[in-house]
Amino acid sequence: MTGFRELWDQLAPIGRDPGSGGYLRYAWEPAELACRDWFRAQADARDMPVEEDGNGNLVAWRGAGDGPAVLTGSHFDSVPHGGAYDGPLGIVSAFLALDRLSDKPRKRIGVAAFAEEEGARFGVPCLGSRLLAGVLDPDRAAALTDRGGSTLAEALGRTPTGRTDLLDRVGCFAELHVEQGRALGEAAVGVGSAIWPHGRWRLDFTGEGNHAGTTLMADRHDPMLTFAYTVLAANKEARLSGAHATMGRVAVEPNATNAVPSLVRGWLDARAAQSETLQALAEAIHKRAVERATRDGTAVSLTEESVTPEVAFDGGLVARLARVLEAPVLPTGAGHDAGVLSGYVPTAMLFVRNPTGVSHSPAEQATDADCEAGIDALARVLDELS
Ligand SMILES: [Zn+2]
């Protein structure tokens, strides 16, 4: 039987940046396409026909039963300089879990590789699963452009199909994923119960662009000061409310060393266990920014770009998996294809322990022993569900 390390080492070099050690696997670019070739080879080796759904998602099918299928799998694409485990662990574990199942008559089992989960190329996270579920308009998706100006239609070679009958043939979905925090503690594997509400806001700080050498300190209307204060306030307000807030993206105009900026645009990513907490957090950060802007002689406006409410996974399925695995149940602050699909099929997740909790970084980790435990757990889950 193939072990985890053997299969993992086949994927490990694909798209790895030698400088950072992180991964550059963007949807339909060469590294991600090489991962898809690997996927087809693994499916071939197991006599599993591969279905492409017209949206760039791949599903390798095992078994020929008529009834609703059991779907598992995850994604290959990464954030810029992302970790090795986020996504691919769920696909590698799926093939290896199938190897551990007996051949007793059972439901069809599908292993999925979803396209553009991170949204790193076209800016829409869970793009493939959103198209599959019919919540993203195919024509709108086709026109999305990457940083080089290529459209999604060009990358995919067609306008996406959108909703197909694939989901109608699926009875439940279980995605295995590396844990992206340190919530698991003593357990190697846990069952996901929910995804926290998540929002993105844009803050525009406007002031007066001016000369860095001749403008008296007292005469300045420097939006960078308001921005800097707001970054600190966001961190403090999130801590006070037990939520998460991050300002990890910023654009400055004119972006010159010798100029007081005229505009600083910062993006706030915030997540909390409840929608009310999330809204209150965004309002509190905005209020602090406005107070500071008054002192700085600047202005600030807040624009909501997206807010995703809480996704609760299927309660019955979560309880069943927790019972079968005797595993802890935990929510997560990270978005997943499972969050999108949970609106259409009963869905749950398995998380494999991440010793440092670091994710979306080359330092993301899971031990081989925990990955093997994850494969065993997924095999038990597939056995139970099929
Ligand atoms: Zn992921």
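This text follows the structure it describes.
Definitions and limits used
Residues numbered from 1 in each chain as written. Predicted model: local features only at pLDDT ≥ 70, side-chain atom pairs only at ≥ 80, totals over all residues. Heavy atoms only, no water. Donors = N, O, S within 2.8 Å, 3.2 Å for Na, K, Ca; no water. Helix = DSSP H or I, 4+ residues; strand = E, 2+ residues; numbered from the N terminus. Buried < 20%, exposed > 50% of the residue type's maximum accessible area, 1.4 Å probe, protein only. Salt bridge = Lys/Arg side-chain N within 4 Å of Asp/Glu carboxyl O. Pairing = 2+ DSSP bridges. Contact = heavy atoms within 4.5 Å. Polar contact = N/O pair within 3.5 Å; in protein donor to acceptor, adjacent residues only side chain to side chain. Axes fitted to C-alpha atoms, helices over the stretch in contact; angles between N-to-C directions. Parallel < 35°, antiparallel > 145°, perpendicular 65-115°, else oblique. 1 Å grid on protein atoms, 1.4 Å probe; cavity = no way out; pocket = protein on both sides within 12 Å on 5 of 7 lines; lining within 4 Å. Points joined across faces, edges and corners; volume = space filled by probe spheres on them. Phe/Tyr/Trp six-rings, centres within 6.5 Å; stacked < 30°, edge-to-face > 60°. Lys NZ or Arg CZ within 6 Å of the ring centre and 35° of its normal.

Caption draft 1: Quick peek at the coordination of the zinc ion. With distances of 2.0 to 2.2 Å, the protein atoms coordinating the zinc ion are His 75 (NE2), Asp 86 (OD) and His 177 (NE2). Along the chain, the residues that donate to the zinc ion are spaced as H-x10-D-x90-H. On the criterion of sequence distance, the pair formed by His 75 in strand β3 (residues 69-75) and Asp 86 in the loop between β3 and α3 (88-99) is long-range, its members being 11 residues apart. Taking the relative accessible area as the measure of exposure, His 75 reaches 0% and is therefore buried. Judged by its relative accessible area of 5%, Asp 86 is buried.

Caption draft 2: Representation of the pattern of salt bridges in the model. With the rule as written, the count across this model stands at 21 salt bridges. For Asp 165, the salt bridge is made with Arg 169, and the minimal N-O distance between the two is 3.0 Å. For Asp 165, a relative accessible area of 43% gives the class partly exposed. When its relative accessible area of 26% is taken as the criterion, Arg 169 is described as partly exposed. Residues Lys 287 and Glu 291 are paired through a salt bridge, measuring 3.5 Å at the closest nitrogen-oxygen approach. Here the residue Lys 287 and the residue Glu 291 both occupy positions in helix α8 (residues 275-296), the gap between them amounting to four residues, near one helical turn. Lys 287 gets classed as exposed once you look at its relative accessible area, which sits at 56%. For Glu 291, a relative accessible area of 40% translates into the label partly exposed.

Caption draft 3: Layout of the pairing of strand β5 (residues 170-178). Of all nine residues making up β5, eight are buried, and the element is well covered by its neighbours. Across four bridges, the pairing between β3 and β5 is parallel. By the bridge assignment, Leu 71 is partnered in β5 with Phe 173. Bridge count between β5 and strand β15 (residues 347-352): six bridges; the pairing is parallel. Looking at the pairing, His 177 lines up with Phe 351 of β15.

Caption draft 4: Representation of the environment of Thr 161 in the model. Positionally, Thr 161 belongs in the loop between α6 (152-156) and β5. In this structure, the C-alpha to C-alpha distance between Thr 161 and His 177, residues 16 residues apart in sequence, is 27 Å. Setting aside residues up to four positions removed in sequence, Thr 161 forms contacts with Asp 53, Gly 54, Asn 55 and Pro 138. Only 2.9 Å separates the side chain of Thr 161 from the side chain of Arg 158, close enough to count as a polar contact.

Caption draft 5: Region of interest: the packing of helix α2 (residues 30-45) against α3. One way to put it is that α2 packs onto α3 with a least axis distance of 11 Å and a crossing angle of 10°. Of the possible angle classes, the one that applies to α2 and α3 is roughly parallel. Two secondary-structure elements touch here, α2 through Trp 38, Phe 39, Gln 42 and Ala 43 and α3 through Ile 91, Val 92 and Phe 95.

Caption draft 6: Broad picture of empty space enclosed by the protein. Under the definition given, this model contains one cavity of 30 Å³ or more. What lines the largest cavity is simply Trp 8, Leu 11, Ala 12, Tyr 23, Arg 25, Ala 84 and Pro 88.

Caption draft 7: Summary view of the packing of aromatic side chains. Tallied over the entire structure, the rule returns nine aromatic pairs. Pairing Phe 4 with Trp 8 gives two aromatic rings, centres 5.2 Å apart and planes at 25°, and the pair type is stacked. Placement of both Phe 4 and Trp 8 in helix α1 (residues 4-11) is noted, with a separation of four residues, approximately one turn of the helix. Accessibility assignment for this pair places Phe 4 and Trp 8 in one class, buried. The lysine or arginine in question, Arg 108, covers the ring of Trp 61, its NZ or CZ lying 4.4 Å from the ring centre. Its end group placed over the ring of Trp 267, Arg 249 keeps NZ or CZ at 3.8 Å from the ring centre.

Remember that the coordinates give geometry; whether it matters functionally is a separate question.
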